[in-house]
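# Examining the three-dimensional arrangement
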Amino acid sequence: MLNVHLLPHTHDDVGWVKTVGQYYYGVYNNLQHAGVQYILDSVISALRAEPSRRFVYVEMAFFSRWWHQQTNATQQAVRELVRQGRLEFANGGWVMNDEAATHYGAIVDQMTLGLRFLQDTFGDDGRPRVAWHIDPFGHSREQASLFAQMSFDGIFLGCVDYQDKELREKKQEMELVWRASASLQPPTADLFTGVLPNVYDPPRYLCWDRLCDDKPVVDDPSSPEHNTKGLVDYFLNLAATQHQSYRTNHIVMTMGSDFHYENADMWFKNLDKLIRLVNAQQQAKGSRVHVLYSTPACYLWELNKANLTWYLGTLGGWGSGPATSPAGRPSSAMRGSQEVCKQLEALAGPAANVGPYGSGDSALLEEAMAVLQHHDAITGTSRQLVAEDYARRLAAGWGRCKVLLSNVLARLSGSQEAFSICPELNISVCPLSQTSARFQVAIYNPLARKVDRMVRLPVSAGAFLVKDPSGHAVPSDVLLLPQPEGQKPRPELLFSASVPALGFSIYSVAQVFPEKPKVHRARPSPEKSGSFVIHNEFIRAMFSHETGLLTQIEVTDQKLMLPVNQTFFWYNANTGVLQNDQPSGAYIFSPDGMQPLPVNSSAQIRLLKTPLVQEVHQNFSAWCSQVVRLYCGQRHLELEWTVGPIPVDQWRGTTIQSTLEFTSRYPPPPRTSPGTEWGAPLTGSISQVPGAGTGSPPHPHTHPAPTLTQDGKKQLTVLTDRCQGGSSLQDGSLELMVHRRLLKDDRRGLGEPLLEKKSWVRGRHLVLLDAVGKAAAGHRLLAEKEALAPQVVLAPGRATRYHPGATLRKQFSGLRRALPPSVHLLTLAHWGPDKLLLRLEHQFARGEDSGRNLSSPVTLDLLNLFSTFTITHLQETTLVANQSRASASRLKWTPNTGPVPLPSVPPLDSTTITLQPMEIRTFVASVQWKEDVWVLRNAPFPA
């Protein structure tokens, strides 16, 4: 008997053509007919009307809002449906996140938020057993590894490359065991994976939603519209054909699509008839097909009971989808600020939420950041009005976090100040520092180890004295930077700051008036031929006088040298004028020709050299410039590029009918000897802050930075500060897309071109050259520093004491000892009264680092690790903290390579834990905050 599992479901985008609120309430149905509140109302009513019906729901951002608006009677009825398994939650995250453009920490956070709501509301009855990623634009190995560590039994995918799907159908490999980590002991990161037959839509002719045009089931023989015989025959043939691509006597058909079931009776009445008619054929004609209402977990359970061995393989690497963050869209840059907010809330306890600055918390920003991980949000495939709504949500959440931050800084420092955060420092705008002759700079470090960081602040003209927390003067420079023609140079203050682990340092800045104030100006390079150099203790970067372009990077202490030629190119976008042409748009990169054109063959240059920094300012055009920067003591080259507004009607006097796709290219260096080969382990997209991407990951947690390796000895790594599409189109080259401006829609449903109000963008590429065996240590630790950069807070320096007995403190650390470099404090967050959520991860892969032994297991003692609270009890949980790790279990699958024994759960010996390479361990910690920490005068600062 062939069992056909029908999965009634709706896919509700948390923002796309309409905003989250517009989708929920059903506003502006002229843009897209969708009202999620009506979908849930209608589905619950239909499920209660007929006991055999089932339904699948996914997005907790919508369901939680609907739940809180229901009566007690409705909530009780829904609880019963969940208990019976007739309303099943799949995935269960706040949203269905993208897999390429997201940071893995943000994925974990948004899944934790949604799954915690389900656990608190429905208990274990509501816990999803199956991950459901039917619409993200491609799939990553790290996502599968995370889902396995969340204790999911399996995952079902919708969007896969059509060529890959055709091959899997022929080989009956639509369902397999995905081994998602080369470091974690199997089957820790093994995940049963199924590819759905119709993406996530119903089979053709079987769509019975108000948004569909298919004929309903007419089962009245006297009606001229009677169509049951043809419909049943069609369904039986469809099931038989689909069965050829799957291995068991169970197959699945999705019955729903985007925002379906607003009138659930239309769907369920026709499905009821279809099930009755097809199953009647078993007795009438000896049919061997049985149809039933089902859910992903029920279907997966039947596959598991088949007791087969399954193909062990991988997925991903195709269809990386939208990968370049549009200029004006909210990006993952807020993630660092979110972590600062959560950490301070945890370190200070209840005192963080209510204080002299008012009431603040991290919850609103947590929800806003969770929404931003949606696969139409962080990718830029939503309309402009939706992107503005995402930004509004982030601003509201950050507003409450700023109150919290002020409360905590005042309590920890012992002084109340008019704290100010400058959100536009990247464009040298900060009113307090630009108008004050004296001010203070508080720098908070969210990493669990000390950080040395160059701080740049726009100031008024003159000279400044900077003092560290101990009152000692620190080296500083005032820089006069080039500005567009007609604008005065803007002075910037530069100084080096040292900030303890999980803590802050407060520096004081005062304007001084020496007889000869020293101001450093960017000047034209005097030589007109040959080359010139910027350098520090570790790196020499060579430039051509003729072109102004970077030509060579040298790492002096390792005696490594690499010829390089970095510049900017543009692609003319396809506008789809011809009948079969695919226009370029938010979803599709479709250039009109494969060869890009250089913006300029040379750049006008100005050179700036001070004891703290050396910079080459390159100007390629009126809308394209770059600063190549090398700080004192820095082991990487920083390329800060500024692009826009991109012209869309004129290019060097030639009319551009379409638009521009703008890239930064690292062309291949010349072959230095016969047989010298460069390889680029990169395909698809480079994602997320910094150093993320798809392709051939050297390890999961951060998707890899794009790298080039030569002869297995040298490695060039480029870390990005945002999600960017990238490729290696020829041996040894690397191309990163930095900006897009498009005049045509790509006909993928958005109905709007990528033509934003904010049409210029500034970002950074961090370039490292290293020996292959040492490269991981360089780019992993640098990526961590950039993803969680220090938070800079300014104050005028006119403080009053927090309370009369408060001790003034200019330096603080939340740790009594720093964590080793291979360990990252992934999460420190409020979890409830007297409880915190703690995640620690080993951020190196097995065998990845041969220079400093950073790939070895690490043992940590958490006892007295934190300075503001004591851990009184630890409970280890799954990755998303919705199950005890000791009691969590998953379905067991046998790969075709042979059975895999389950690894034992490591014992929790008091507060001592061991982390294996790439392992993340999650704990709910009962804590007691220390009241005396606020008056300690000489707290130790870990190195």
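Numbering of residues starts from 1 in each chain and follows the order in which that chain's sequence is written. The predicted origin of the model limits local features to residues at a pLDDT of at least 70 and limits the giving and counting of side-chain atom pairs to 80 or more, whereas totals for whole chains, interfaces and linings rest on all residues. Note that water and hydrogens are dropped before the side-chain values are worked out from all heavy atoms of the structure.

## Describing helix 10 (residues 296–305)
Each residue gets one of three labels from its accessible area relative to the maximum for its type: buried under 20%, exposed over 50%, partly exposed in between, using a 1.4 Å probe on protein chains only. A run of H or I in DSSP counts as a helix once it spans at least four residues, and a run of E counts as a strand once it spans at least two, with each numbered from the N terminus. Those residues of helix 10 lying buried are P296, Y299, L300, L303 and N304. The arc that holds the buried residues of helix 10, viewed along the axis, is 140°, so those residues lie on one side. Just past helix 10, the residue N307 takes up positive phi, approximately 60°. The directions from the helix axis to the C-beta atoms are what the arc is built from.

## What to know about the packing of aromatic side chains
Any pair of Phe, Tyr and Trp rings, taking the six-membered ring for Trp, is counted once the centres come within 6.5 Å. Such a pair is stacked with planes under 30 degrees apart, edge-to-face with planes over 60 apart, and tilted for the rest. For the structure on display, the rule yields 30 aromatic pairs. Geometrically, the ring pair formed by F63 and F122 is tilted, given 6.3 Å between the ring centres and 50° between the ring planes. Placement of F63 in helix 3 (residues 60–68) and of F122 in helix 5 (residues 104–122) is noted, with a sequence separation of 59 residues between them. Here the two residues F63 and F122 agree in accessibility, since each one is buried. Plain terms: the ring middles of F89 and F122 are 5.4 Å apart, the flat faces sit at 35° to each other, and that makes the pair tilted. Residue F89 is located in strand 3 (residues 87–89), and its partner F122 is located in helix 5; the two are separated by 33 residues in the primary sequence. With respect to burial, F89 and F122 carry one shared label: buried. A connected cluster of aromatic rings, assembled from ring pairs, spans Y57, F63, W66, W67, F89, F117 and F122. Between the NZ or CZ atom of R116 and the centre of the ring of W831, over which it lies, the distance is 3.7 Å. Each ring is checked for a lysine NZ or an arginine CZ that lies within 6 Å of its centre and within 35 degrees of its normal; such an atom marks a charge sitting over the ring.

## Side note on the side chain of E638
Within the fold, E638 resides in strand 31 (residues 637–643). At 2.6 Å, the side chain of E638 forms a polar contact with the side chain of R629. A polar contact of 3.2 Å, which involves the side chain of E638, links it to the side chain of R764. Setting aside residues up to four positions removed in sequence, E638 forms contacts with V627, V628, R629, Y631, R764, H765 and L766. We define a polar contact as two N or O atoms separated by no more than 3.5 Å, with the added condition that, inside protein, one atom must be a possible hydrogen donor and the other a possible acceptor, whereas residues neighbouring each other in sequence contribute only through side-chain atom pairs. The contact criterion used throughout is that any non-hydrogen atoms of two residues lie within 4.5 Å.

## Regarding the nonpolar core
Residues V4, L6, F63, L87, Y261, L828 and L840 are the most contacted members of the largest nonpolar core, which totals 174 residues. Those residues in contact with Y261, other than ones at most four positions away along the chain, are P8, H9, I39, S42, V43, F55, D209, M255, G256, W267, F268 and L271. Among buried residues, the Ala, Val, Leu, Ile, Met, Phe, Trp, Tyr and Cys ones that are joined through side-chain atoms within 4.5 Å form a nonpolar core. Formed by 25 residues, the second largest nonpolar core is a distinct cluster that contains F532, I534, V718 and L769.

## A few points about the sheet that holds strand 49 (residues 920–929)
The strand order across the open sheet built from 4 strands is 43-44-49-46, with neighbouring strands paired in antiparallel fashion. Of all strands in the sheet, those with a lone pairing partner are strand 43 (823–832) and strand 46 (869–877), marking the two edges. Direction aside, neighbouring strands of the sheet carry axes that sit 30° apart on average. Relative to strand 49, strand 44 (residues 835–842) runs antiparallel, the two being bridged by 7 bridges. Counted as the bridge partner of L840 is R921 from strand 49. Here, any two strands with at least 2 DSSP bridges between them count as paired. Lines fitted to C-alpha atoms define the axes, with helix axes restricted to the stretch in contact, and inter-axis angles between N-to-C directions lie between 0 and 180 degrees.

## What about the environment of R79?
Topologically, R79 is positioned in helix 4 (residues 72–84). On the basis of relative accessible area, R79 is assigned to the partly exposed category, the value being 33%. Along the sequence, R79 and G123 sit 44 residues apart, while their C-alpha atoms lie 9.8 Å from each other. Residue contacts for R79: discarding those within four places in its chain leaves W67, T121 and F122. Engagement of the side chain of R79 in a polar contact is seen with the backbone oxygen of T121, the distance being 3.4 Å.

## Quick look at the confidence of the model for the protein chain
With 90% of its residues at a pLDDT of 70 or more, the protein chain has an overall mean of 88. Below pLDDT 50 for its whole length, residues 651–660 participates in 35 contacts with residues either more than four positions away or in separate chains. A score from 0 to 100, pLDDT tells how confident the predictor is in each residue.

## Examining the sheet that holds strand 21 (residues 520–521)
Read from one edge of the open sheet, 4 strands run 16-19-18-21, paired in mixed fashion. Two strands in the sheet have a free side with no partner beyond their single neighbour: strand 16 (451–458) and strand 21. For strand 16 and strand 19 (residues 490–499), the ladder comprises 8 bridges, and the chain directions are antiparallel. If you follow V455 over to strand 19, its bridge partner there is F495.

## Describing the layout of surface pockets
Over the atoms rolls a probe the size of a water molecule, and in doing so it shows where empty space is left. Taken as a whole, the second largest pocket encloses approximately 1,000 Å³ of empty space. As for the second largest pocket, its lining consists of 41 residues, and the residues nearest its centre are P187, T188, R885, R890 and P903. Among the residues forming the lining of the second largest pocket, the class breakdown is 19 nonpolar, 13 polar and 9 charged. Residue ranges labeled as domains rest on an automatic or database domain assignment. Split by domain, the residues of the lining of the second largest pocket number at least three in each of domain 1 (2–313) and domain 5 (815–937). Buried and open spaces are told apart on a 1 Å grid over the protein atoms alone, a cavity being a set of points where a 1.4 Å probe fits but cannot get out and a pocket being an open set with protein on both sides within 12 Å along at least five of seven lines. Residues with an atom within 4 Å of a point are the lining residues. Grid points are joined across faces, edges and corners, and a volume is the space filled by probe spheres set on the points. Under the scheme applied, nonpolar residues are Ala, Val, Leu, Ile, Met, Phe, Trp, Tyr, Cys and Pro; charged residues are Asp, Glu, Lys and Arg; polar residues are all the others, including Gly.

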